[in-house]
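# Architecture at a glance
One letter stands for each residue in the lines below.
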Amino acid sequence: MIELKAVDRRYETGLLALQGVDLRIAPGEFVSLLGPSGCGKSSVLRLLAGLDLPSSGEVLRQGAAATRGPVRDAGFVFQEPTLMPWANVVTNVELPLRLQGMAAEPRAAAALAALQRVGLGEFAEAMPRELSGGMKMRAAIARALVTQPALLLLDEPFAALDEITRFALNESLLSLWLPQGEKTKVPAFTGVFVTHSVFEAVFLSQRVLVMSARPGRIIEDLRIEGPRLRDASFRQSPVFVDACARLSTALARAAEEPALG
Ligand SMILES: Nc1ncnc2c1ncn2[C@@H]1O[C@H](COP(=O)(O)OP(=O)(O)OP(=O)(O)O)[C@@H](O)[C@H]1O
């Protein structure tokens, strides 16, 4: 369980990015953060990751106050795949294990297994320049999951991809989260996903949190019903359509709020 309680974050420039943010994320949940540009979504992710501390309020992990320093048990995926261009795909994916000091053989085996899970098993020896944008992002996800983190933080990972690739990656991400399908009691990780897309947030999430314009705070917390593991047919369902309509309205309201700070 991670919890933000009455969190404000004022940056050193004087800018108030977050004000009174309260949120709780249960173990194994998949939650999306949706909000207008600059509302503080990445700021929330940095607090969850332990890369930053609030100016006031509390960040709690398993009920204890968080201390400064990156959370050990977290993996990150950013909008850019940031692969090392001079190293092949498996070497890129091994990097977090190398940093942990794991020996070469188990490291390579774990990286290959992670690549197989994202459907890139045959591209282990390829160089990043030989991969499409979607494949590079799959490699970045494999790198984030190679340490089997309890928490996966994703900051607009698919924003630069075309819609067909994005849809395919959304489905892949759900099957990585629930590797044994619907019957999985404990998902492989807790997911926090930042996006501008209402459709992507609803498709992926058990809960969608909408943030107001700066200073960011949570103005809507919507549970998305239906199966956890979803495919294209979910996009036609009344649950999907209703949730998208409700969140679009909330997002429009969020964008109207005046920017302060
Ligand atoms: N280190 C920093 N110092 C000063 N201001 C910052 C810092 N980091 C972020 N900000 C500002 O805080 C506000 C929130 O930024 P943040 O990146 O969290 O928003 P966001 O919702 O993720 O934005 P976007 O959707 O455009 O990626 C912005 O106005 C940004 O310029």
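Remember, predicted model here, so these are calculated numbers, not experimental data.

## Here's the deal with the overall build of the protein
Broken down by element type, the protein carries seven helices and ten strands. Relative to the 2.2 N^0.38 estimate, which gives 18 Å for 261 residues, the radius of gyration of the protein is 18 Å and therefore close to what a compact globule would have. Its C-alpha atoms give the protein principal-axis dimensions of about 50 × 45 × 35 Å. Scored against the burial criterion, the 261 residues of the protein give a buried share of 38%. For the protein, contacts bridging at least 24 residues in sequence account for 70% of all contacts bridging at least 6.

## Considerations on the confidence of the model for the protein
In the predicted model, the protein carries a mean pLDDT of 93, and 98% of its residues have values of at least 70. Per-element confidence in the protein ranges from a low mean pLDDT of 82 for strand E5 (residues 64-65) to a high of 97 for strand E3 (residues 30-34). Model confidence for the complex: the whole-complex pTM is 0.94, and ipTM, which rates the interface, is 0.97.

## Structural notes on helix H4 (residues 133-145)
Taking 1.5 Å of rise per residue, the 13 residues of H4 would be expected to cover 18 Å, and the 19 Å separating its terminal C-alpha atoms lies within 8% of that figure. Burial of H4 is extensive: ten of the 13 residues sit out of reach of the surface. Every buried residue of H4 is accounted for by Lys136, Met137, Arg138, Ala139, Ala140, Ile141, Ala142, Arg143, Ala144 and Leu145. Along its buried surface, H4 packs onto strand E6 (74-77), helix H2 (89-99), helix H3 (104-117), strand E7 (151-155) and helix H5 (163-177).

## A look at the UniProt feature "domain: ABC transporter" (unreviewed entry) in the protein
Sequence positions flagged by UniProt for "domain: ABC transporter" (unreviewed entry) are, in local numbering, residues 2-240. Each end of residues 2-240 is marked by a C-alpha atom, and these two atoms are 27 Å apart; helix forms 30% of the span and strand 24%.

## A few points about the site of the ligand
The ligand sits among 13 residues. The nearest are Tyr11, Ala17, Lys41, Ser42 and Ser43. With three residues, helix H1 (residues 41-49) is the single largest residue contributor to the shell around the ligand. Counted by class, the shell around the ligand contains four nonpolar, seven polar and two charged residues.

## Regarding H1
Every buried residue belonging to H1 is among Lys41, Ser43, Val44, Leu45, Leu47 and Leu48, and all of these are buried. Once H1 finishes, Gly50 follows within two positions and takes phi at roughly 80 degrees, a positive value.

## Quick word on unusual backbone geometry
At the junction of Arg214 and Pro215, the peptide bond is cis and its omega measures out at -5 degrees in the coordinates. Turning to its location among the elements, Pro215 is positioned in the loop between strand E9 (207-211) and strand E10 (218-223). In this model, Ala6 sits at a positive phi of 45 degrees, which is unusual for a non-glycine residue. Phi at Gln148 is positive, roughly 50 degrees, even though this residue is not glycine. By secondary structure assignment, the location of Gln148 is in the loop between H4 and E7.

## Quick look at the packing of H2 against H3
Close contact between H2 and H3 brings their axes to 9 Å; oriented N to C, the two are set at 120 degrees. Looking at the two axes, H2 sits oblique to H3. Handedness of the H2/H3 crossing: right-handed. Here H2 contributes Val89, Val90, Val93, Glu94, Leu97 and Arg98 to the contact with H3, which in turn contributes Arg107, Ala108, Ala110, Ala111, Leu112, Ala114 and Leu115. Its residues placed into classes, the contact of H2 with H3 shows ten nonpolar, no polar and three charged.

## Focus: the sheet that holds E3
Within a sheet, each strand pairs with its neighbour through backbone hydrogen bonds, oriented either parallel or antiparallel. Here we have six strands laid out as an open sheet, ordered E6-E7-E8-E3-E9-E10, and mixed in their pairing. Looking at the sheet topology across the chains shown, the edges are occupied by E6 and E10. Pairs of neighbouring strands in the sheet enclose a mean axial angle of 15 degrees, with direction left out of account. Pairing of E9 with E10, which is carried by five bridges, proceeds in the antiparallel orientation. Counted as the bridge partner of Leu209 is Asp221 from E10. Together, E3, E9 and E10 form the strand contacts of helix H7 (residues 238-256), whose direction differs from that of E10 by roughly 175 degrees.

What counts and what doesn't
Each chain carries its own residue numbering, running from 1 in the direction its sequence is written. This being a predicted model, a pLDDT of at least 70 is required before a residue's local features are given, and a value of 80 or more before pairs of side-chain atoms are given or counted; all residues contribute to the totals for chains, interfaces and linings. Note on conventions: DSSP H or I runs of at least 4 residues are helices, E runs of at least 2 residues are strands, and numbering of each starts at the N terminus. Note on method: radius of gyration uses C-alpha positions; expected globular size equals 2.2 Å times residues raised to 0.38. Here a residue counts as buried when 20 or more other C-beta atoms sit within 10 Å of its C-beta, as exposed when there are 12 or fewer, and as partly exposed otherwise, the C-beta atoms being derived from the backbone. Each residue gets a C-beta atom placed from its backbone, and two residues are in contact if those atoms lie within 7 Å. pLDDT measures how confident the predictor is about each residue, on a scale from 0 to 100. An expected span of 1.5 Å times one less than the residue number is assigned to each helix. UniProt positions are given in the numbering used here, feature names are shortened, and annotations may be inferred rather than shown by experiment. Whether a residue is near a molecule or strand depends on its C-beta atom, generated from backbone atoms, being within 6 Å of that molecule or strand. Ten residues, namely Ala, Val, Leu, Ile, Met, Phe, Trp, Tyr, Cys and Pro, are considered nonpolar, four, namely Asp, Glu, Lys and Arg, are considered charged, and the remaining ones, Gly among them, are considered polar. Axis definition: a line fit to C-alpha positions, over the contact stretch in the case of helices; interaxial angles, taken between N-to-C directions, run 0 to 180 degrees. The cut-offs work like this: below 35 degrees is roughly parallel, past 145 is roughly antiparallel, 65 to 115 is roughly perpendicular, and the gaps in between are oblique. Should the near helix be turned counterclockwise from the far one by less than a right angle, the crossing is left-handed, whereas a clockwise turn marks it as right-handed. Pairs of strands are assigned from DSSP output, requiring at least two bridges between the strands.

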